[in-house]
Amino acid sequence: GPRVNVDVTAAGATLALGLLFCKSNNASVAAQLEVPHTVHALRCVRPDLVLLRVLARGLILWDSVRPTDAWVNSQLTPSTGGGER
């Protein structure tokens, strides 16, 4: 069959997934959108897609989003400069 160009489809698919499960608090779907935990894995994901993953997770896990520094820091992984501080 035809090959899918993920450079074109990934952004739309990520946002669509976030909107489809918006405010559902579905942890299993949100887990698929986690930011990579290693620097090597993070380098394999375009920066705009990392932003969309964080946005989509926030939409899905809507009830857990808080306007605090602690919540923002909890979204960071060691590969993004977060984690143990």
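Here, the structure is the one placed above.
A brief structural summary. Throughout this document, residue positions are counted from 1 along each chain, in the order its sequence is written. The predicted nature of this model means local features are confined to residues of pLDDT at least 70 and side-chain atom pairs, given and counted, to a pLDDT of 80 or more, with totals for whole chains, interfaces and linings taken over all residues. Only heavy atoms go into the side-chain values, all of them from the structure, while hydrogens and water stay out.

1. Observations regarding the overall build of the protein
Note the threshold: Counting from the N terminus, the helices are DSSP H or I runs at least four residues long and the strands are E runs at least two residues long. We call two residues contacting when some pair of their heavy atoms lies within 4.5 Å. Residue exposure ignores everything except the shown protein chains as possible cover, and the areas themselves are Shrake-Rupley values with a 1.4 Å probe.
Of the regular secondary structure elements, the protein holds five helices and zero strands. Scanning the protein from its N terminus toward the C terminus, one meets helices and strands in the order α-α-α-α-α. Seen through its C-alpha atoms, the protein measures out along the principal axes to roughly 45 × 30 × 20 Å. In the protein, the proportion of contacts linking residues at least 24 apart, taken out of those at least 6 apart, comes to 65%. Carbon and sulfur atoms provide 62% of the accessible area of the protein, an area that totals close to 6000 Å².

2. Points about the environment of Leu52
Relative to the assigned elements, Leu52 resides in helix 4 (residues 47-60). Sequence-wise, Leu52 and Asp63 are eleven residues apart; in three dimensions their C-alpha atoms are separated by 18 Å. Each residue touching Leu52, except ones within four places of it in the same chain, is listed here: Ala11 and Thr14.

3. Quick notes on unusual backbone geometry
What counts, and what does not: To sort residues, take the accessible area from a 1.4 Å probe on protein chains only and compare it with the maximum for the residue type: under 20% means buried, over 50% means exposed, and anything in between is partly exposed.
Phi at Lys23 takes a positive value of approximately 60°, unusual for a residue other than glycine. Tracing the chain through its elements places Lys23 in the loop between helix 1 (6-20) and helix 2 (27-32). Unlike most non-glycine residues, Asn25 shows phi in positive territory, near 55°. Asn25 sits in the partly exposed class, given a relative accessible area of 33%.

4. Structural notes on the pattern of salt bridges
Test applied: By definition, a salt bridge exists where a carboxyl oxygen of Asp or Glu is found within 4 Å of a side-chain nitrogen of Lys or Arg.
Applying the stated criterion across every chain yields a total of two salt bridges. Between Asp48 and Arg46 there is a salt bridge, with its nearest N and O atoms 2.8 Å apart.

5. Section: the packing of helix 1 against helix 4
The condition is simple: A fitted line through C-alpha atoms serves as each axis, taken over the contacting stretch for helices, and the angle formed by two N-to-C directions is quoted from 0 to 180°. Roughly parallel covers angles under 35 degrees, roughly antiparallel covers those over 145, roughly perpendicular covers 65 to 115, and oblique covers all other angles. Only Asp, Glu, Lys and Arg are considered charged in this grouping, and only Ala, Val, Leu, Ile, Met, Phe, Trp, Tyr, Cys and Pro are considered nonpolar; every other residue, Gly among them, is considered polar.
At a minimum axis distance of 8 Å, the contact between helix 1 and helix 4 shows a crossing angle of 10°. By the angle between their directions, the pair helix 1 and helix 4 is classed as roughly parallel. Only Leu49, Leu52, Arg53, Leu55, Ala56, Leu59 and Ile60 of helix 4 make contact with helix 1, whose side of the interface consists of Ala10, Ala11, Thr14, Leu15, Leu17, Gly18 and Leu19. A breakdown of the residues in the contact of helix 1 with helix 4 according to their chemical character gives eleven nonpolar, two polar and one charged.

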